[in-house]
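Close look at the chain arrangement
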Amino acid sequence: MPLDMAKYRRIFLEEATDHLGEMSHALLSLEKELEGAEAIDTLFRMAHSIKSMAASLGYEPIADLAHKMEDRMEGVRRAGRVRDSRELGVLFQALEALESMVAAVADERELAGVDEALLALLARPGDRSDTVGSPTSVAAEVETVHPKKALS
Amino acid sequence: MARVLIADDASFMRQMIREIIEPEGHEVVGEATNGIEAVDLFKQLAPDLVTMDIVMPKRSGIDAVKRILAEHPSACIVMCSALGQESLVMEALQAGARDFIVKPFKPDSVIATLKKVIEKAD
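Let me begin by describing the structure that accompanies this report. As the structure is a prediction and not an experimental result, all values here were calculated from the model.

About the cut-offs
- Residues numbered from 1 in each chain as written.
- Chains lettered and ligands numbered in written order.
- Predicted model: local features only at pLDDT ≥ 70, side-chain atom pairs only at ≥ 80, totals over all residues.
- Contact = placed C-beta atoms within 7 Å.
- Helix = DSSP H or I, 4+ residues; strand = E, 2+ residues; numbered from the N terminus.
- Nonpolar A, V, L, I, M, F, W, Y, C, P; charged D, E, K, R; others polar.
- Buried ≥ 20, exposed ≤ 12 C-beta atoms within 10 Å, placed from the backbone.
- Pairing = 2+ DSSP bridges.
- Right-handed = clockwise from strand over helix to strand, strands pointing away.
- Core = buried A, V, L, I, M, F, W, Y, C linked by C-beta atoms within 7 Å.
- Axes fitted to C-alpha atoms, helices over the stretch in contact; angles between N-to-C directions.
- Parallel < 35°, antiparallel > 145°, perpendicular 65-115°, else oblique.

Turning our attention to the interface of chain A and chain B. Taken together, the contact pairs 16 residues of chain A with 17 residues of chain B. Within the residue set of the side of chain A that touches chain B, elements represented by two or more residues are α1 (5–32), α2 (37–57) and α3 (60–79) of chain A. Tallied by class, the residues present in the side of chain A that touches chain B amount to 7 nonpolar, 5 polar and 4 charged.

Now the structure itself:
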């Protein structure tokens, strides 16, 4: 018996929207504390869950981006902290791209491919050349990387 | 036919597994949304088989497998894995999980894996 994919699309939109909200909260909390283990774990699990759901429905661009974000968060988990404001900025960019793609699914618009530059940024956690500033005071630095998400 | 406990934090995945296995005559006796619930529900329900997600909150699927098998060495547990989780699947199999199914789920593959595991356990 074939699965009712319209039903799973609805469930995906509900769960993905919830997950993206949790990820946003987690990133905002990491702005204050780069070592926040719970927030790091939440980001890893939510990216993993979105990846699996999107792959089940054939939303490959979403699955690809979520997979890269999951991989990046696995590295962050091993390190025990987000490295710096630049890394946080990349994660905010990834979240924003995921939000945009899930919105496209909700609006029944065609999914565009993932921004290759963003995938490349997510895939290079070991690059120290972009390290900036103090790890404990990052809001202003995040603003330079990602103005929309910076703390006021 | 088996009494099955589904452990996955995503409602999407729990429903999908249920929808795949119920037409085959299996009975879903419970659903767990994290590793702690999975262990607790296993004790309460004594299912014939568990489908266990690896990445779950509070306690991972791997940890839940180890806890269940420590008390119930004959428990039949099938891991639900995703791309990139090969090493975790190996850890679960070494801990005593019987087999694994891969996301995104292919109904025929899920049914065949569960059938194989149940037949071996009988």
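This is not the end of the story, as more comes after the structure.
Here we take up the pairing of strand β4 (residues 77–81) of chain B. Residues and elements named next belong to chain B. The element β4 is largely enclosed, with a buried count of 5 among its 5 residues. As paired strands, strand β3 (residues 49–53) and β4 are joined by 4 bridges and run parallel to one another. What sits directly across from T51, in β4, is V78. At this point the chain moves from β3, through helix α3 (residues 61–71), to the parallel β4, and the crossover so formed is right-handed.

A word on the nonpolar core. Core analysis: the biggest nonpolar cluster contains 79 residues, and A:I62, A:L98, B:V50, B:M52 and B:I77 have the highest contact counts within it. With residues near it in sequence (within four places) discarded, A:I62 still touches A:I50, A:A54, A:L98, A:M101, A:V102 and A:L111.

Moving on, we come to the pairing of strand β5 (residues 99–102) of chain B. Residues and elements named next belong to chain B. Sheet topology note: the β4/β5 ladder contains 4 bridges and is parallel. Across the sheet, residue C80 finds its bridge partner in β5, namely I101. As for the winding sense of the linkage, the β-α-β connection from β4 through helix α4 (residues 86–95) to β5 is right-handed.

Checked against the element boundaries, A:D18 lands in helix α1. Remark: the alpha-carbon pair of A:D18 and A:L3, spanning 15 residues in sequence, is separated by 23 Å.

The subject of this paragraph is the packing of α3(B) against α4(B). All names here are of chain B. Contact geometry of α3 with α4 gives a least axis separation of 10 Å together with a crossing angle of 0 degrees. Taken together, the axes of α3 and α4 lie roughly parallel to each other. Between α3 and α4, the contacting residues are I62, V65, K66 and L69 on the first element and L88, E91, A92 and A95 on the second. Residue composition of the contact of α3 with α4, by class: 6 nonpolar, no polar and 2 charged.

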